[in-house]
Amino acid sequence: MTIEMLYSKIHRATVTDANLNYVGSITIDEELLEASKMRVGQKVEILNINNGERFSTYIIMGERGKRDICLNGAAARKVHKGDKVIIVAYATYHDKELENYEPTVVLLDDENEITEVLRTI
């Protein structure tokens, strides 16, 4: 049996831009991607804390150190600059893999600086 579980999340990221005139996706700072173990092209779910919107998109890499969290294309209509979002990635695990299950949770401050990286929920 396999179970879909939380793989990683970036918690309380601040949206730095919303670019309607782009072909879609979410731009995430390279350093935040590394800390979260998320990958370019990976499907993620975006949870907007400000308005309750939940939607899916895929990741493109942002410039290291700029702390960009930018929603592009149609997703730009679901956020406003300054909104707080949670970026969630899931993975499918086999029962045996869950014995050592440790999702990655990256906590951010208001400037999208990493305050803590947890290996648990």
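This text gives an overview of the structure that appears in the document. (Residues numbered from 1 in each chain as written. Predicted model: local features only at pLDDT ≥ 70, side-chain atom pairs only at ≥ 80, totals over all residues. Heavy atoms only, no water.)

Here we come to the pattern of salt bridges. Enumeration over the complete set of coordinates arrives at nine salt bridges. Note that Arg67 and Asp29 form a salt bridge whose closest N and O atoms lie 3.3 Å from each other. Placement of Arg67 in the loop between strand E5 (54-62) and strand E6 (69-72) and of Asp29 in strand E3 (residues 25-29) is noted, with a sequence separation of 38 residues between them. For the pair formed by Arg67 and Asp29, the shared burial category is buried. (Salt bridge = Lys/Arg side-chain N within 4 Å of Asp/Glu carboxyl O. Helix = DSSP H or I, 4+ residues; strand = E, 2+ residues; numbered from the N terminus. Buried < 20%, exposed > 50% of the residue type's maximum accessible area, 1.4 Å probe, protein only.)

Turning our eyes to something else, we now look at the environment of Asn21. Position of Asn21 among the secondary structure elements: in the loop between strand E2 (17-19) and E3. Judged by relative accessible area, Asn21 falls into the exposed class, the value being 74%. The spacing of Asn21 and Ala76 is 55 residues in sequence and 8.9 Å in space, taken between C-alpha atoms.

Among the five residues in strand E8 (residues 104-108), four count as buried, and that is most of the element. Summarising the sheet, strand E1 (residues 2-14) and E8 pair through four bridges and their orientation is parallel. In the strand pairing of E8, Ile10 is matched with Val106. Judged from the four bridges that link them, E8 and strand E9 (residues 114-118) form a sheet pairing that is antiparallel. Note that in E9 the partner of Val106 across the bridge is Val117. The turn joining E8 and E9, which pair antiparallel and follow one another in sequence, is formed by five residues; a positive phi near 65° is taken by Asn112. (Pairing = 2+ DSSP bridges.)

The next thing to look at is the sheet that holds E6. Pairing within the open sheet is mixed, and its nine strands lie in the order E2-E6-E3-E5-E4-E7-E1-E8-E9. Either end of the sheet is taken by a strand with one partner, and the two such strands are E2 and E9. On average, each strand axis in the sheet is tilted by 30° relative to the strand beside it, whichever way the strands run. By the bridge criterion, four bridges tie E3 to E5 in an arrangement that is parallel. (Axes fitted to C-alpha atoms, helices over the stretch in contact; angles between N-to-C directions.)

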